[in-house]
Amino acid sequence: MRRRFVAVFRSRWLQCAMVAMALSYASECVNRNEPYWETDVAYLHWSTDVPAITVCSAASGLSADRVGPPMLSKPMFNEIDNTLSVNIIQRTNEFKKKDSTILCKNMFKNCSWNGKPFNCCRHFQSHRFIIETPCFSINSLQTINKKKKLVVSHFSKNGELKIEFNEPVEISLHGLVDVRFGELQKQYVTVNTGEEVELLYTTRQIIEDVSLVALDFAKRGCLLRDEKKLFHHPVYSKSACLLECALRRPEVYAKNYTLCDCPPICAEMEINNIWNGTQRSVDNVTRCILTMSKPATERLVMKAKKDYLDLIVIVACLLQLFTGINLLDIPKFIFKKK
């Protein structure tokens, strides 16, 4: 094999030099490759997922409205960090001993999507862990059972989810792969007894393109789908990763949660609050109306400037232009029988 390489180099030294130059240029393209975001506006063909909606018990019934960004000055939890994992596990074990259906029926009264009623407790599923109080989510990929999928298309115009409750609750909107933990615990709306809360919002999605596999994590700064697996949750997200870190490595999480190695994901959902208002309900029913005011008309597609196919084309064109060598000729030179 070595003699074959030497013979090829002596007889075709110029072509070998051009091959080396082409490979060097391709290597430079790889080093300079970086992500960029391209706007996709072909919204007539889209179906936009409604954000995951998490409803938690608010036994205190205190008035609160925290749909804005979290404040760094506020503590992340209401308990000491080094006891957080113990308390979560204890609450979760106690919850498993109870009938979740009864707890759900005690919380929910009626549900409807775009005016069509549906069974609340069939589609609102409980979380895997009880962080503070029992919570139920719809449209989430992290619940034990995944049921109803709420989708808004360009032709449906809007999506209205109306929920009536038997008790005060806290409602959070977040990405489908997120869990209500950490900073997401600070973003919620409280619905007190006899109140009607209405929230209008829009969403914008960031979609990952297949070309991103050509970039390493250092250049992307985020994880691709299925790039990292979690122990308890079926789909990776930063919030779910932090929750598992708090459970499995409480000493690391208590010291500094940034040491948990939980980077964000590339495919994200941005939720923008347009308007929210609270008033006393006419029929004295505790109610919340969540409306996606219009379907998304803009998507950002995260891509790499050059993918593997682009690099192969660059090398092939340079070789053909300067040396007349086809890519298929290279293995022929190497493995050609004497």
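Structure's up top.
Figured I'd write up the structure that's included with this text. Keep in mind it's a predicted model, so treat the numbers as computed, not measured.

### Re the packing of helix α3 (residues 84-96) against helix α7 (residues 238-248)
- Running from N to C, α3 and α7 cross one another at 100°; their axes reach a closest spacing of 7 Å. What the angle tells us is that α3 and α7 run roughly perpendicular. Between α3 and α7, the contacting residues are L84, S85, I88 and I89 on the first element and L243, A246 and L247 on the second.
- Looking at side-chain class alone, the contact of α3 with α7 contains 6 nonpolar, 1 polar and no charged residues.

### Digging into the pattern of salt bridges
- Applying the stated criterion across every chain, the model contains 9 salt bridges.
- Here R204 makes a salt bridge to E270, at a shortest N to O gap of 3.2 Å. Of the two residues, R204 sits in strand β13 (residues 195-208) while E270 sits in strand β14 (residues 268-280), which places them 66 residues apart along the sequence.
- One salt bridge in this structure joins D261 and K228, with 3.7 Å as the shortest N-O distance. In this pair, D261 sits in the loop between α8 (250-255) and β14 while K228 sits in the loop between α6 (217-220) and α7, placing the two residues 33 residues apart along the sequence.
- Exposure remark for D261: the relative accessible area of 52% places this residue in the exposed category.
- Overall, the relative accessible area of 25% leaves K228 in the partly exposed class.
- Through salt bridges with shared partners, one network takes in E164, E196, D283 and R287.

The rules behind these values
Residues numbered from 1 in each chain as written. Predicted model: local features only at pLDDT ≥ 70, side-chain atom pairs only at ≥ 80, totals over all residues. Heavy atoms only, no water. Axes fitted to C-alpha atoms, helices over the stretch in contact; angles between N-to-C directions. Helix = DSSP H or I, 4+ residues; strand = E, 2+ residues; numbered from the N terminus. Parallel < 35°, antiparallel > 145°, perpendicular 65-115°, else oblique. Contact = heavy atoms within 4.5 Å. Nonpolar A, V, L, I, M, F, W, Y, C, P; charged D, E, K, R; others polar. Salt bridge = Lys/Arg side-chain N within 4 Å of Asp/Glu carboxyl O. Buried < 20%, exposed > 50% of the residue type's maximum accessible area, 1.4 Å probe, protein only.

Interpretation in functional terms is not warranted from these geometric data alone.
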